[in-house]
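Take a look at the letters that make up each chain.
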Amino acid sequence: MPDSMTITAATVDPGLLDLPWDLPLDAWPEETIVALPKGISRHLVRFVHLSGYVVAVKETSAELARSEYDMLRTLQRMDVPCVDPVAVITNRVGREGEELQPVLVTRHLRFSLPYRALYSQTLRPDTATRLVDALALLLVRLHVIGFYWGDVSLSNTLFRRDAGSFAAYLVDAETGKLYPGGLSNGQRENDLEVARVNIAGELLDLEAGGRLDENADPVDVSNRIVAQYRTLWTELTGTEQFDAAERWRINDRVERLNALGFDIEELSIRTADAGSQVRIQPKVVDAGHHQRRLLRLTGLDAEENQARRLLNDLDAYRARNGREELDEEMVAHEWVSRVFEPVVRAIPRDLRGRLEPAEVFHELLEHRWFMSQQEERSVSLPEATTAYINDVLRHRRDERTLINPPTSSIALPLDDDDDDEDDVDDWRASV
């Protein structure tokens, strides 16, 4: 380790000292590098082993590295889905005495994939739609806390499977800024327009490389983020007015937000017209409603949709076994030990990296339902578990340690025809 090197971190992992910081990142030895799929980045990024886990090392400037490190730590304290900042390394000096670029080190998000690695041959329209929906939800969550991203794109996001949908995590906060007083409509709209144009460009890149399903329209898919964002934003922040006799609509609004995965910490209620009209507006909205309930009852940490699915099975277990009158936490403990944990233990060791346990359980419930439909009988959970492992899970790729995916790069067609030179940026005009 160079004597002049500086490590800035909340908790320094001693393993950082063993990495070859006196070499440019593109010259690091192969035994250090982990072959994981990467998204498109303006900076050089490498995945490396560190103390039993994997980190991403990104070369950048000292100012940008420190700024992004601080921003990611702030977002984590605010429970925003983002990568975990590990350290900033500055004052790097090469073996010949040359100055080397500073780096930002972040922890790799297990079971997460960049959008280019979420398909094997072509990106299907429904998958592209689910990715955009997940990104729309992430963007709303960021805007609610006053965070302006500035470079919204699929490439700057990681995705984890979430009970048939996806959960989106912010990866690149380099251009982001937090406004304690909240964002203006103009700032929100600018972020939304950047997202729309970037997504269209990314999907058109896939289309040019033959990696997008022919039935998927890149512009239509990119436009979806606008509609999805506006729907979520209105539900989370919009004012609702109704007759005072319709007070049930207050609970209805709260239940709709809970269904979207949000809790209301504060609700503004005002009466008007001598009490004949009521206006309500959520003032503080906190994401992760089902995650928190599942964690409180069972200690299981899952994505929001996974948590909702597990809680539904827990509720069904209570009803099926006549446990409605018993303490909810006691029944939850029983469900974990008798239902969830036996399924996890049944997964062969060599298959445990395929999916997260919560996602496996969700897919198992889906498989059990389809089996019951096909065989016109109630298939037991142990029977469904065996069938799911052999017929589904065994044939899935390992998403915890996905090595050398076929989507690490995309070949774009080149044409030397001078008449096409003016058409290079035509996709932007079509968005």
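Predicted, not measured: the structure shown is a model, and the values here were computed from it.

Caption draft 1: How the structure looks around the overall build of the chain. From N to C terminus, the chain includes eleven helices and 15 strands. Evaluated residue by residue, the chain yields a buried proportion of 48% over its 431 residues. The contacts in the chain between residues at least 6 apart in sequence include a share of 65% that link residues at least 24 apart. For the chain, the exposed area adds up to about 21600 Å²; of that, 46% sits on carbon and sulfur atoms.

Caption draft 2: Representation of the nonpolar core in the model. W149, F159 and L170 are the most contacted members of the largest nonpolar core, which has 52 residues in total. For this core, the secondary-structure elements that each account for two or more residues are α1 (62-77), α2 (125-144), β10 (157-162), β11 (165-170), α3 (185-208), α4 (218-237) and β15 (277-287). Not counting residues up to four positions away in its chain, the partners in contact with W149 are L135, L138, L139, L142, N156, T157, L170, D172, T175, G176 and D191. L300, V339, I347 and I389 belong to the second largest nonpolar core, which has 32 residues in total.

Caption draft 3: Up close: the side chain of H43. Along the chain, the position of H43 falls in the loop between β1 (6-8) and β2 (45-50). Within the local environment of H43, its side chain forms a polar contact with the backbone oxygen of E59, the two atoms lying 3.3 Å apart. For H43, the side chain forms a polar contact with the side chain of E174, separated by 2.8 Å. Contact partners of H43, with chain neighbours within four places excluded, come to K58, E59, T60 and E174.

Caption draft 4: Representation of the environment of D18 within the structure. Its location among the elements puts D18 in the loop between β1 and β2. Counting along the chain gives 32 residues from D18 to L50, while the straight-line C-alpha distance between them is 9.0 Å.

Caption draft 5: Geometry of the packing of aromatic side chains. Per the stated rule, a full pass over the model turns up seven aromatic pairs. On the basis of an interplanar angle of 75° and a centroid distance of 6.4 Å, the ring pair of F159 and F166 is categorised as edge-to-face. Taking the relative accessible area as the measure of exposure, F159 reaches 1% and is therefore buried. With relative accessibility at 6%, the residue F166 sits in the buried group. Judged by centre distance (6.0 Å) and plane angle (5°), the ring pair of Y229 and W233 falls under stacked. Taken together, the residues span about one helical turn, with Y229 and W233 both in helix α4 at a distance of four residues. This pair shows no difference in class: Y229 is buried, exactly as W233 is. Each member of the aromatic cluster is reached from another via a ring pair, and the members are W335, F340 and F361.

Rules used in this analysis
- Residues numbered from 1 in each chain as written.
- Predicted model: local features only at pLDDT ≥ 70, side-chain atom pairs only at ≥ 80, totals over all residues.
- Heavy atoms only, no water.
- Helix = DSSP H or I, 4+ residues; strand = E, 2+ residues; numbered from the N terminus.
- Buried < 20%, exposed > 50% of the residue type's maximum accessible area, 1.4 Å probe, protein only.
- Contact = heavy atoms within 4.5 Å.
- Areas by Shrake-Rupley, 256 points an atom, 1.4 Å probe, with all protein chains shown as cover.
- Core = buried A, V, L, I, M, F, W, Y, C linked by side-chain atoms within 4.5 Å.
- Polar contact = N/O pair within 3.5 Å; in protein donor to acceptor, adjacent residues only side chain to side chain.
- Phe/Tyr/Trp six-rings, centres within 6.5 Å; stacked < 30°, edge-to-face > 60°.

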